[in-house]
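Listed below, chain by chain, are the residues.
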Amino acid sequence: MSIRALWVVSYDKGDSGNLRFSRRYPTVEFRAKSLAGAQYVAVPEDRLIPQLLMTELGLIDPEKPYVAVRDDCARQQRCPAVELRVGGPSGRTLWPLLTIHQGGLILACLPLVEAPPDPRPPLPSLASVSQGLALLSGLQGFLCGTGGKLPEPDVLASRLAALPSVLLQVCPLGTPLDVPPQAGVLPATVAPGPGGAQKQPAWKAGVHRGRAVVSVALTEMVRSMQYGNRNKQDMWDVHGMVMCKCEVEGVLPNVTVTLTLPPNGSPLQDILVHPCVTSLDSSILTASSVDENDGSAFSGPYKFPFSPPLEPFRLCSYTSQVPVPPILGSYQLKAEENVLKLNVVLKLHESVRNSFEYCEAQLPFFNRHQIGSVDVKVSSGQLEVSKEKNLLVWVLGQKFPKSREVTLEGSVNFSGHLFGPTDPLCTDLTAYVKLFFRVPDLTLSGCCVDQHSVQVYSSAKPRIVTTRELASSEYYIWNSTGDAPVSSGLMIL
């Protein structure tokens, strides 16, 4: 639900009204125009709103018993959702215009109706009507309080002056997210501070108040295709991203996060940054995994100065070329009637810390009957059969043995009564082992964010929290005795 426009009009008996506040949302208006097509009716200029609104509500010429544009019996009165005639008695109308008035103050908004304008949908079916009324009711409480009378003129003026900041929080870009505070009390996220002269950008719906915390999480995802065949080249790639959440006071605080590499680390490539990054060395963006590495690529440190949004966001992403995948494996599968003989070997590379959050290998079987019996031994971990009886799950736990090598060997009989799932690719001996793992406090590239390198220019000293981890993504080991899909080039991110 969104709002096309919102107005606050004040009036005294006998006058034509005074527009005290107006807010329009061009992006919502563009959607309204796209939805209505040829039946689109534009919102009139602000100078026309008080006269049109007060005529519709019967507040102009109240002494006259009959006003055609107001009292014609052909018009259907539907309070508090009224129609606003913008082109005279025979002109086009805006509907539904929602209104609430208290004393000499009128609050009105025009919600976006995401339905064909003709015929008009029933009011109870429009969620935008109830949500628009809730917004107006909240604004009424903020401006007028609960006493039933208007506040003093200077108090009302100060609350109207704060209304833009309140709407940034409760209705950013025309979408109501929250209820306005009561009786003129500014919420903490929009309360003015010492730096209140700084203009609030439209994309930032408020500022943070409270304990300052900056969290930076670095995650690297590794993909791999291993074949165990001299005629097929194994492939792997690493994709990293830095997620940030900055709870820092100020309208536009400045934060700098620095990524560093070990002395022998490969330069980061294909770097993309969030639009909030204010400046960047051009050499950071030129390194590409498509180009041949000439050894002169920028190798850090990588500094990213930015003014953060309130919500968590991805500061940057990158790729990295590493010499070996973290887990090397081989998979051999042989068929004898309804029995498959399996042999799987997994070896953890010496450069990878032997401390997993979790690690498991899954062996799916397609285009066969369900698993009837399993005679398999594993050198480490536990073996489970899925409830669907078409998958072996090898739970390796949090550590490899001291040798850093584990094996699985045995046979599986497919004598179930039901046929298992099908896959057009995995026919005959085309099969794979898929690995799932996560290693805390490790990246393959060696990239890290040092707590002391995070700089925050703010009145309060924040608590800095940094983490990093390595996780698997599409990590396959194919049966070396069968066919397997092969990419003709590098794996594309």
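These numbers come from a predicted model, not from an experiment.

**Topic: the overall build of the protein chain**
Part 1 of the reasoning: A count of helical and extended segments in the protein chain gives six helices and 22 strands.
Part 2 of the reasoning: Looking at the protein chain residue by residue over its 493 residues, the buried ones come to 43%.
Part 3 of the reasoning: Of the contacts made within the protein chain by residues no fewer than 6 positions apart, 73% connect residues no fewer than 24 positions apart.
Part 4 of the reasoning: As displayed, the protein chain has an accessible area near 25200 Å², and 53% of this comes from carbon and sulfur atoms.

**Brief notes about helix α1 (residues 26-36)**
Part 1 of the reasoning: Within α1, burial applies to V28, E29, A32 and A36. Seen end-on, α1 carries its buried residues on one side only, within an arc spanning 100 degrees. Across from the buried face of α1, at angles greater than 90 degrees, the exposed residues are P26, T27, F30 and S34.
Part 2 of the reasoning: Turning to α1, the residues buried within the fold contact β1 (3-10).
Part 3 of the reasoning: Phi turns positive one or two residues past the end of α1, at G37, with a value near 65 degrees.

**Side note on the environment of S458**
Part 1 of the reasoning: Tracing the backbone shows S458 in the loop between β21 (455-457) and β22 (463-478).
Part 2 of the reasoning: Put simply, S458 and G250 are 208 residues apart on the chain and 7.1 Å apart in space, counted from C-alpha to C-alpha.
Part 3 of the reasoning: Non-local contacts of S458, meaning those with residues more than four positions away in its chain, are made with V248 and E249.

**Examining the packing of aromatic side chains**
Part 1 of the reasoning: For the structure shown, the criterion picks out eight aromatic pairs.
Part 2 of the reasoning: Here Y432 and Y476 contribute two aromatic rings whose centre-to-centre distance is 5.0 Å and whose plane-to-plane angle is 85 degrees, an arrangement assigned as edge-to-face. Taken together, the residues Y432 in strand β19 (residues 432-440) and Y476 in strand β22 connect sequence positions 44 residues apart.
Part 3 of the reasoning: Over the face of the ring belonging to F414 we find R368, whose NZ or CZ atom lies 5.6 Å from the ring centre.

**So, the sheet that holds strand β13 (residues 339-348)**
Part 1 of the reasoning: Pairing is antiparallel in the open sheet, where four strands are placed in the order β12-β13-β18-β15. Of all the strands in the sheet, the pair left with one neighbour each is β12 (327-336) and β15 (373-378). Put simply, the sheet's adjacent strands are angled 10 degrees from each other on average, direction ignored.
Part 2 of the reasoning: Bridge count between β13 and strand β18 (residues 405-413): nine bridges; the pairing is antiparallel. When the sheet's bridge partners are listed, K347 is paired in β18 with E405.

**Considerations on the side chain of S320**
Part 1 of the reasoning: Inspection of the secondary structure assignment puts S320 in strand β11 (residues 313-320).
Part 2 of the reasoning: Contacts of S320, omitting those with residues within four sequence positions, involve V238, S266, L268 and S445.

**Remarks on the environment of P44**
Part 1 of the reasoning: As for its placement among the helices and strands, P44 is situated in the loop between α1 and α2 (49-56).
Part 2 of the reasoning: Considering only alpha carbons, one finds P44 and L94, 50 residues apart in sequence, at a separation of 9.5 Å.
Part 3 of the reasoning: In this view, P44 contacts R24, I49, L52, V86 and L94; residues no more than four positions away in its chain are not counted.

**Some remarks on the sheet that holds strand β3 (residues 81-85)**
Part 1 of the reasoning: The five strands are arranged β2-β1-β5-β4-β3 in an open sheet whose pairing can be described as antiparallel. At either end of the open sheet lies a strand with only one pairing partner, and these are β2 (18-24) and β3. Adjacent strand axes in the sheet meet at a mean angle of 30 degrees when their direction is disregarded.
Part 2 of the reasoning: Alignment of β1 against strand β5 (residues 105-111), held across seven bridges, turns out to be antiparallel. Bridge pairing in β5 links I3 to P111.

**A few points about the pattern of salt bridges**
Part 1 of the reasoning: Applying the stated criterion across every chain, the model contains 11 salt bridges.
Part 2 of the reasoning: Between R85 and E83 there is a salt bridge, and its shortest N-O distance comes to 3.8 Å.
Part 3 of the reasoning: On the basis of relative accessibility, which here comes to 11%, the residue E83 falls in the buried class.
Part 4 of the reasoning: Residues joined by salt bridges that share partners form a network here, namely E83, R85 and R120.

**Overview of the confidence of the model for the protein chain**
Close reading of the predicted structure is inappropriate where its pLDDT is low.
Part 1 of the reasoning: Model confidence for the protein chain is summarised by a mean pLDDT of 86, while 87% of its residues fall at 70 or above.
Part 2 of the reasoning: Predicted confidence for residues 489-493 stays below pLDDT 50, and this span has 12 contacts to residues more than four positions away or in other chains.

Rules used throughout
Residues numbered from 1 in each chain as written. Predicted model: local features only at pLDDT ≥ 70, side-chain atom pairs only at ≥ 80, totals over all residues. Heavy atoms only, no water. Helix = DSSP H or I, 4+ residues; strand = E, 2+ residues; numbered from the N terminus. Buried < 20%, exposed > 50% of the residue type's maximum accessible area, 1.4 Å probe, protein only. Contact = heavy atoms within 4.5 Å. Areas by Shrake-Rupley, 256 points an atom, 1.4 Å probe, with all protein chains shown as cover. Arc of directions from axis to C-beta. Phe/Tyr/Trp six-rings, centres within 6.5 Å; stacked < 30°, edge-to-face > 60°. Lys NZ or Arg CZ within 6 Å of the ring centre and 35° of its normal. Pairing = 2+ DSSP bridges. Axes fitted to C-alpha atoms, helices over the stretch in contact; angles between N-to-C directions. Salt bridge = Lys/Arg side-chain N within 4 Å of Asp/Glu carboxyl O. pLDDT = per-residue confidence, 0-100.

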